Amino acid sequence: MTDLVIIGGGPAGMSAAVAAYERGVRDILILERDDNLGGILRQCIHNGFGLHKFGEELTGPEYAYRYEKKVRELGIPFKLNTMVLDITPEKRITATNPEDGIFTIEAKAIILAMGCRERAKGALNIAGTRPAGIFSAGTAQKLVNMKGYMPGKNVVILGSGDIGLIMARRMTLEGAKVAAVCELMPYSGGLARNIEQCLNDFNIPLKLSHTVTQIHGKERLTGVTIAKVDENRRPIAETREYIPCDTLLLSCGLIPENELTKCTDATLSQITGGAAVDQNRETSVDGIFACGNVLHVHDLVDYVSDEAEIAGKSAADYIDGKRNKTLNIPITTDGKIRYTVPQRITEAKELTVYFRVADVYRDVKINVYDGEKLVFSKKKQKVAPGEMEAVKLKSEIFAYAKSLKFVLEEA
Amino acid sequence: MYDVAVIGAGVVGAMIARELAAYKLNICILEKEHDVAMGATKANSAIVHAGFDAKEGSLKAKLNVKGSKMMENVTHELGVKYRRNGSLVVGFNEEDRVTLETLLERGKTNGVEGLEIIERDRLTVLEPNIADGVKCALYAPTGAIVCPYELTVAAIGNAMDNGAKLKCSFPVTTITAHEDFYEISSGNDTVKARFIVNAAGVYSDAVARMIGDDTFTVHPRRGEYLVLDKECGNTVSHTIFMTPSKMGKGILVSPTVDNNLLLGPTAVDTVDKDDKSTTPEFFTSIFDIAAKTVKNIPRNKTITSFCGLRAVGDTGDFIITSPREHFINAAGIESPGLSASPAIAEYVRELLGSDGLKLEKKEDHVRTRRPMHAFREANIDEKNRMIKENPAYGRIVCRCEGVTEGEILDAIRTNPRATDLDGVKRRTRAQMGRCQGGFCSPYIIELLSRELDIPYENVTKFGGESNVALGKTKEDK
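Residues numbered from 1 in each chain as written. Chains lettered and ligands numbered in written order. Predicted model: local features only at pLDDT ≥ 70, side-chain atom pairs only at ≥ 80, totals over all residues.

## What about the overall build of chain A?
For step 1, the next point in the chain: Scanning chain A for helices and strands turns up eight helices and 28 strands.
For step 2, the next point in the chain: The C-alpha radius of gyration computed for chain A amounts to 22 Å, which stays within 12% of the reference 22 Å derived for 411 residues, consistent with globular compactness.
For step 3, the next point in the chain: Looking at chain A as a whole, 51% of its 411 residues qualify as buried.
For step 4, the next point in the chain: Partitioning the contacts of chain A with sequence separation of at least 6, the portion at a separation of at least 24 is 63%. (Helix = DSSP H or I, 4+ residues; strand = E, 2+ residues; numbered from the N terminus. Rg over C-alpha atoms; globule rule 2.2 N^0.38 Å. Buried ≥ 20, exposed ≤ 12 C-beta atoms within 10 Å, placed from the backbone. Contact = placed C-beta atoms within 7 Å.)

Okay, here's the thing in structure tokens:
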């Protein structure tokens, strides 16, 4: 029996491990599928990480190494090249690696920190041929930054998620020509600073309300047809335009990777795709916690670390039997606010509720209702789907509430 | 000098080569693509039809029913996944019922066992997700599903294990008939063979013309498909067909042997034998059409789509003929070609025999082949024994489908060897899951590069100019 098993040695898993250790847990094991700790940060060689957490601009590998160093210094055990195959609701973990073969571990507590994956081309229903030269942006990033190979020289990018924006700049710096970034929505899903630093600074056009309607080329990609879309996101035929290119990068959304979470029978949120959790990041299964991009997709790794610390400390308290669940208050949203994390409050202590909105809104109020009663309100000049928001709620606001509803009110 | 050259490494060519490899013959298989199973074989409905569809007395009917009966044993020998899931042709009204009764009678005449017409009450027990408008169905318990490219890879592999040669990237451009052999050329390479079997799919008419046979033509019929996530594989357990009508055969909804859900195909006649592109119209209509027969199909679980080209002959039947001495056509093998393929192979072998090919059994012939999914299907103790012997089986490369490095190396090292990314995909399922190779393809390229001893940037998706990486970063311009 191991006290705490953490699935995933990326920023979330490492941060959770360190937090649990600092809270007194010594019997910890991190299981990491890759050949090193660090997760996707290892391929994110651009800077901009750590502004909130460390007050300085780090690259992805530097940010990851701050935590890897701690994990190593504290002597927290980890197994690399280890893929978890199954987790039962009773917290029995089956995993495999080349040294141990297939093995099982019983855990007192588990923290899920498996991260997310990119939406693949197949899910986008783009008509046309199936040539080489179509990559998800993260795959291209791995080829360029980790393997040292160019996915192509003439690039179109579909989707303006942050990885797509980062790769627009990266490919340009490597000598490729990025013809355009097409975004289906009338706004970008990426961070404002990335639009500025990765597109505008390099004169790469961002075509909002545009999509790729057809793929051309038999062996290697030879071009794409793009078109403007109407308000129902349907392509407008007259606006079709052919762009010759050898590479199409896709940055069309990230999907929390919860196949293992499903094995545990934890309740999933239909909106985030991750587990539904309380303020401790505990799932509906006793002693199973989740944090980072497996729970919901974050824009900044700094917030992943914060969230993972909560999960790590809470798992430590759970192992020590120091948990004090007295409430069961569900948090619902109005749709303009798409989701919150946590989705449920179980303890009467101050908490931060993170949320994402469904569209770009200006001059709005974030209102929190307990039934009909307004218990909290905060003004916001601008909110956008690409930027996660947060509000702090004091315990007296909800101590006697049956449920809380988050509502976005437009002026 | 080969005894027999089989042109085309689709399922038909593969099964013929495997059949012939049991005899003391020198065989080569010529394939124009970079790998086997690259035509209609990798892009069809993956169904082993029961055999009630084809017209009584036709070759299609005879070989379908016989092939369907042989398939379970063939797949068992080759270690290929096969599931007798049964099929249902569903009807919406009295007109459909009349058609279903005709199909029932035809099936009985063709020798299909167990056919019956069932009513909605029983249908909803068999398939809880059957659509509300469905009234009745023709139930064929002998209908089955199989993975067609896995079958083809295994059959070619088995033929090769028994001595057959495979030449990929060999597009036959000319055939010269000499007194007692043929000279077959690709432009770059030439082979000589005493007998030829033409199993060139949509190009089989072009190959026949090379020896002066212009008695038939083959045209492509496009069929587009959608593949849904494994989460959806249990939506139905049987293969659900629509009743054929003047409007066509409709589309099917079927689980695959790997538990995905398959929707399709469209049926559009065309002339371009290379155009395998999908169309916007397909994506906008397919779910509405599928919903006529099956409800609760999720619309946001597509993992990929593709288009196949069926080789449709102009005679309405399979064209298995001998237009001149020592030359056999196995052409126009559209549906139910996959189902019929083991029977086609026997039939072609008999034709070759009566055409003078000496058929003497090999004493050391091996009918079986190690299943490509041997590791995956093993129990934990066996797996651990295999990992101990070969630690590469302990390393998962494709997380979505749970494919190990050991299995990928097997695919690159065993007959017929995978030499590109798609070849690895078809043999192992790595890159075939929900992330479609997003995470694992850079590493699989590395494995291919190492095993084939070629530079990373020379690894292709499917041969030709389909290179994945286009040079190194920081390269001098």
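## Quick word on the overall build of chain B
For step 1, the next point in the chain: A count of helices and strands for chain B gives 13 helices and 22 strands.
For step 2, the next point in the chain: Taken against the 2.2 N^0.38 rule, which gives 23 Å for 477 residues, the C-alpha radius of gyration of chain B at 22 Å falls within 12% of a compact globule.
For step 3, the next point in the chain: Each principal axis of the C-alpha atoms in chain B carries an extent, and together these give about 60 × 55 × 50 Å.
For step 4, the next point in the chain: Per-residue burial for chain B yields a buried fraction of 55% across its 477 residues.

## Structural notes on the environment of P244(B)
Residues and elements named next belong to chain B.
For step 1, the next point in the chain: Structurally, P244 can be placed in the loop between strand 14 (239-242) and strand 15 (252-255).
For step 2, the next point in the chain: Assessed through the 16 C-beta atoms surrounding it within 10 Å, P244 is described here as partly exposed.
For step 3, the next point in the chain: Measuring from C-alpha to C-alpha, the distance between P244 and T99 comes to 7.7 Å, with 145 residues separating the pair along the chain.
For step 4, the next point in the chain: Contacts of P244, omitting those with residues within four sequence positions, involve T99 and K249.

## What to know about helix 3 (residues 137-147) of chain A
The periodicity of an α-helix, 3.6 residues per turn, causes residues three or four places apart in sequence to face the same way.
For step 1, the next point in the chain: For helix 3 of chain A, a buried count of eight out of eleven residues is recorded, marking the element as mostly surrounded by other parts of the structure.
For step 2, the next point in the chain: Along helix 3 of chain A, the residues that are buried comprise A137(A), G138(A), T139(A), A140(A), Q141(A), K142(A), L143(A) and V144(A).

## Focus on the domain arrangement of chain A
Residues and elements named next belong to chain A.
For step 1, the next point in the chain: Once the domains are mapped, chain A shows domain 1 (1-118 + 254-323), domain 2 (120-252) and domain 3 (325-411).
For step 2, the next point in the chain: Of note, the centres of domain 1 and domain 3, computed from C-alpha atoms alone, are 26 Å apart.
For step 3, the next point in the chain: Residue composition of the side of domain 1 that touches domain 3, by class: five nonpolar, five polar and three charged. (Domains from an automatic or database assignment. Nonpolar A, V, L, I, M, F, W, Y, C, P; charged D, E, K, R; others polar.)

## Here we look at the interface of chain B and chain A
For step 1, the next point in the chain: Taken together, the 45 residues of chain B in the interface contact 43 residues of chain A.
For step 2, the next point in the chain: Those elements that provide at least two residues to the side of chain B that touches chain A are helix 7 (280-291), strand 18 (302-313), helix 10 (380-389) and helix 13 (441-452) of chain B.
For step 3, the next point in the chain: When grouped by side-chain class, the residues that make up the side of chain B that touches chain A number 16 nonpolar, 18 polar and eleven charged.

## Side note on the packing of helix 1 (residues 11-20) of chain B against helix 5 (residues 148-161) of chain B
All names here are of chain B.
For step 1, the next point in the chain: In contact at an axis separation of 8 Å, helix 1 and helix 5 are set at 30 degrees when each is read in the N-to-C sense. One finds that helix 1 runs roughly parallel with respect to helix 5. When the axes of helix 1 and helix 5 are compared, the crossing they make is left-handed. Only P148, L151, T152, A155, I156, N158 and A159 of helix 5 make contact with helix 1, whose side of the interface consists of V11, A14, M15, A17 and R18.
For step 2, the next point in the chain: For the contact of helix 1 with helix 5, a count of residues per class yields nine nonpolar, two polar and one charged. (Axes fitted to C-alpha atoms, helices over the stretch in contact; angles between N-to-C directions. Parallel < 35°, antiparallel > 145°, perpendicular 65-115°, else oblique. Left-handed = near helix turned anticlockwise from the far one by under 90°.)

## Focus on the sheet that holds strand 10 (residues 127-128) of chain A
Picture the strands of a sheet paired through backbone hydrogen bonds; they go either parallel or antiparallel.
Residues and elements named next belong to chain A.
For step 1, the next point in the chain: Overall, mixed pairing links the four strands, which are arranged 10-15-16-17 in an open sheet. On the outer flanks of this sheet lie strand 10 and strand 17 (241-244), each paired with one strand and no other.
For step 2, the next point in the chain: Sheet topology places strand 10 next to strand 15 (residues 210-216); two bridges connect them, and they run parallel. Of the residues in strand 15, the one forming a bridge with A127 is Q214. (Pairing = 2+ DSSP bridges.)

## Considering the sheet that holds strand 27 (residues 389-393) of chain A
All names here are of chain A.
For step 1, the next point in the chain: As summarised here, the arrangement of the three strands in space is 22-24-27, forming an open sheet in which the pairing is antiparallel. The sheet is open, and its two edges are formed by strand 22 (337-341) and strand 27, each paired on a single side. Strand after strand, the sheet turns through a mean of 30 degrees between neighbouring axes, direction not considered.
For step 2, the next point in the chain: Two strands pair when backbone bridges link them, and strand 22 and strand 24 (residues 351-357) are joined in this way by four bridges, in the antiparallel orientation. Directly across from Y339, in strand 24, lies its bridge partner R356.

## Details of helix 2 (residues 60-74) of chain A
Residue and element names in this part refer to chain A.
For step 1, the next point in the chain: Compared with an ideal rise of 1.5 Å per residue, which puts 15 residues at 21 Å, helix 2 spans 22 Å between its outermost C-alpha atoms and is within 8% of the ideal.
For step 2, the next point in the chain: Among the residues making up helix 2, those that are buried are G60, Y63, A64, Y67, E68 and V71.
For step 3, the next point in the chain: For helix 2, the elements touching its buried residues are helix 1 (11-22), strand 3 (47-49), strand 4 (58-59), strand 5 (78-79) and helix 7 (301-319).
For step 4, the next point in the chain: Positive backbone phi, approximately 70 degrees, marks G75, located one or two places after helix 2. (Expected span 1.5 Å × (residues − 1).)

## Some remarks on the packing of helix 11 (residues 405-413) of chain B against helix 12 (residues 421-428) of chain B
Residue and element names in this part refer to chain B.
For step 1, the next point in the chain: Running from amino to carboxyl end, helix 11 crosses helix 12 at an angle of 115 degrees, the nearest separation of the two axes being 9 Å. Considering their axes alone, helix 11 and helix 12 lie roughly perpendicular with respect to each other. When the axes of helix 11 and helix 12 are compared, the crossing they make is right-handed. Of the residues in helix 12, those touching helix 11 at E407, I408, A411 and I412 are V424, R427 and T428.
For step 2, the next point in the chain: For the contact of helix 11 with helix 12, a count of residues per class yields four nonpolar, one polar and two charged.

## Description of unusual backbone geometry
For step 1, the next point in the chain: In this structure, P342(A) follows V341(A) across a cis peptide bond, with omega equal to 5 degrees.
For step 2, the next point in the chain: Between G264(B) and the following residue, P265(B), the backbone shows a cis peptide bond with an omega angle of -5 degrees.
For step 3, the next point in the chain: Residue placement: P265(B) occurs in the loop between strand 16 (261-264) and strand 17 (268-269).
For step 4, the next point in the chain: Of note in this structure, K91(A) is not a glycine but carries a positive phi near 70 degrees.
For step 5, the next point in the chain: Its location among the elements puts K91(A) in the loop between strand 6 (83-87) and strand 7 (92-97).
For step 6, the next point in the chain: You will see that R429(B), though not glycine, has its phi angle at about 80 degrees, which is positive.
For step 7, the next point in the chain: Locating R429(B) in the fold gives a position in the loop between helix 12 and helix 13.

## Here we look at the environment of V11(B)
For step 1, the next point in the chain: Considering the arrangement of structural elements, one finds V11(B) in helix 1.
For step 2, the next point in the chain: Sequence spacing of V11(B) and A154(B) is 143 residues, and the spatial spacing of their C-alpha atoms is 9.9 Å.

## Re the domain arrangement of chain B
Interface size, as often reported, equals the accessible area lost upon joining of the parts.
Residue and element names in this part refer to chain B.
For step 1, the next point in the chain: Domain annotation for chain B reports domain 1 (2-41 + 148-217 + 315-354), domain 2 (82-146 + 219-309) and domain 3 (374-458).
For step 2, the next point in the chain: Domain 1 and domain 2 are separated by 30 Å when their C-alpha centres are compared.
For step 3, the next point in the chain: Counting from both sides, the interface comprises six residues of domain 1 and, opposite them, six residues of domain 2.
For step 4, the next point in the chain: Among the residues making up the side of domain 1 that touches domain 2, the classes are represented as five nonpolar, one polar and no charged.

## A word on the environment of N367(A)
For step 1, the next point in the chain: Tracing the backbone through its elements, the reader meets N367(A) in strand 25 (residues 361-370).
For step 2, the next point in the chain: Excluding residues that lie within four positions of it along the chain, N367(A) makes contacts with L374(A), S377(A), V407(A) and E409(A).

## Comments concerning the pairing of strand 15 of chain B
Residue and element names in this part refer to chain B.
For step 1, the next point in the chain: Residues L252 and S254 line one face of strand 15 and the alternating positions V253 and P255 line the opposite face, and both faces are buried.
For step 2, the next point in the chain: Strand direction decides the pairing type here: strand 15 and strand 16, joined by four bridges, are antiparallel. When the bridges of strand 16 are listed, V253 appears paired with L263.
For step 3, the next point in the chain: Where strand 15 folds back onto strand 16 in an antiparallel hairpin, the turn is made up of five residues, including N259, whose phi is positive at roughly 75 degrees.

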